[in-house]
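For reference, the chains in residue letters:
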Amino acid sequence: MSKVLPSICRPLLVGLVCLFASSGAFAYIDPNAGGLLFQLLAPVIAAIVGVWMVARRWLVDTVRRLLRRKGPQDSQ
């Protein structure tokens, strides 16, 4: 077990040293990146909402049809 612990600690120690010794990065995010994301997600969200509305309408109509069929039969 004494051989296993140093073999795990060395890569961890090297990784931590590399992480803390690195300098800051000059990163830039395009201001229109949100617009691109919206253009990609808007049709997907619209399709999901459309499917949800059609499925809900179909389910409500089906339940109403089933309840109407059972209504007159129960009274006879």
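Nothing here was measured: the structure is a model prediction, and the numbers come from that model.

Take the overall build of the chain next. Assigned secondary structure in the chain consists of two helices and zero strands. Accessible area for the chain stands at about 7,600 Å²; split by element, carbon and sulfur atoms hold 71% of it.

Before going further, it helps to examine a positive patch on the surface. Together, Arg-56, Arg-57, Arg-64, Arg-65, Arg-68 and Arg-69 give the surface a local cluster of positive charge. Within the secondary structure layout, Arg-68 lies in helix H2 (residues 33-75).

Attention now moves to a nonpolar patch on the surface. Taken together, the side chains of Leu-36, Leu-37, Leu-40, Leu-41, Ile-45, Val-49, Trp-52 and Met-53 make up a nonpolar region of the molecular surface, amounting to roughly 840 Å² of accessible area. Position of Leu-37 relative to the elements: it lies in helix H2. Judged by its relative accessible area of 48%, Leu-37 is partly exposed.

The rules behind these values
- Residues numbered from 1 in each chain as written.
- Predicted model: local features only at pLDDT ≥ 70, side-chain atom pairs only at ≥ 80, totals over all residues.
- Heavy atoms only, no water.
- Helix = DSSP H or I, 4+ residues; strand = E, 2+ residues; numbered from the N terminus.
- Areas by Shrake-Rupley, 256 points an atom, 1.4 Å probe, with all protein chains shown as cover.
- Patch = residues over 30% accessible without salt bridge, like charges linked within 9 Å, V, L, I, M, F, W, Y side chains within 5 Å.
- Salt bridge = Lys/Arg side-chain N within 4 Å of Asp/Glu carboxyl O.
- Lys, Arg positive; Asp, Glu negative; His and termini not counted.
- Charge placed at Lys NZ, Arg CZ, Asp CG, Glu CD.
- Buried < 20%, exposed > 50% of the residue type's maximum accessible area, 1.4 Å probe, protein only.

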